[in-house]
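Remarks on the overall topology
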Amino acid sequence: RIARDAITLIYPEAEDLAERIPAPPALEDNILIFTDAREYQDCEICPSKFMIDPLALENIMVRLYGPNGSGQVSPERVHSLTFAQLKEDILSLSDSQMNSTADVNLLINQANWIVFGMLDVNATDSSASDAIKTFLKLRPAILRDKKIIVMAYDAPYYLDTTEISKLTAYYGVYSKIGASLEASVRSLFQEYKP
């Protein structure tokens, strides 16, 4: 309940959300999830862990809304990539080297929904942390006819107003624990209003 209550709609205004997203993702939709899959260690000799596992949002979606859940999504149509893979794709496309990232580009082109699981933007800690900003700047044509959703699992002030205006919806989640990840997916599927 606390995780659910924490989710905030940052953009657009609440009264505009139903117009922008009249229905949640459906069985025929292709959903592409990009996660800021940074790793950290609890201590010098501890194993590395993901802050947000790159498959976490996909797994929650399929569990809740796939064939063993409500049946709203098809697991074959949900794909997960990392911010690092997105950044590599953007940079290689700008260098005209499409072959190395053809699969990423294909998934982007086929997606009806693109969901970003964002932490912060900190080039010192993660050179890929600005992937969403780069994507919105360098690939504006791809945004047409797609639902672009950002879930801010850290502080939600790393995107400027121009970047935010290119999104379909921007949610502040404020936490990356499991309950918050699940609550964010449930809000995307309109189980409750943020």
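In case you missed it, the structure is sitting above this.
Structure report, in brief. Note that this is a predicted model, so its numbers are computed, not measured.

1. Looking at the state of the cysteines
The full count for this structure, using the stated rule, is 1 disulfide. A sulfur-sulfur separation of 1.9 Å characterises the disulfide bridge that pairs Cys43 with Cys46. As the torsion about the S-S bond is roughly 95°, the Cys43-Cys46 disulfide counts as right-handed. Residue classification places Cys43 among the partly exposed residues on the basis of a relative accessible area of 31%. For Cys46, a relative accessible area of 22% gives the class partly exposed.

2. Quick look at the pattern of salt bridges
Once the charged atoms of two side chains with opposite charge are near each other, the side chains can pair. Tallied over the entire structure, the rule returns 11 salt bridges. Between Asp42 and Lys49 there is a salt bridge; the shortest N-O distance is 2.8 Å. With relative accessibility at 51%, the residue Asp42 sits in the exposed group. For Arg139, the salt bridge goes to Asp89, with nearest N and O atoms at 2.9 Å.

3. Some thoughts on helix 8 (residues 178-188)
Within the sequence span of helix 8, burial applies to Ser180, Leu181, Ala183, Ser184, Val185, Ser187 and Leu188. In this fold, the buried residues of helix 8 make contact with helix 1 (2-6), helix 3 (56-65), strand 6 (113-118), strand 7 (147-152) and strand 8 (169-172). Phi for Gln190, located one or two positions after helix 8, is positive at around 60°.

The rules behind each value
Residues numbered from 1 in each chain as written. Predicted model: local features only at pLDDT ≥ 70, side-chain atom pairs only at ≥ 80, totals over all residues. Heavy atoms only, no water. Disulfide = S-S within 2.5 Å. Buried < 20%, exposed > 50% of the residue type's maximum accessible area, 1.4 Å probe, protein only. Salt bridge = Lys/Arg side-chain N within 4 Å of Asp/Glu carboxyl O. Helix = DSSP H or I, 4+ residues; strand = E, 2+ residues; numbered from the N terminus. Contact = heavy atoms within 4.5 Å.

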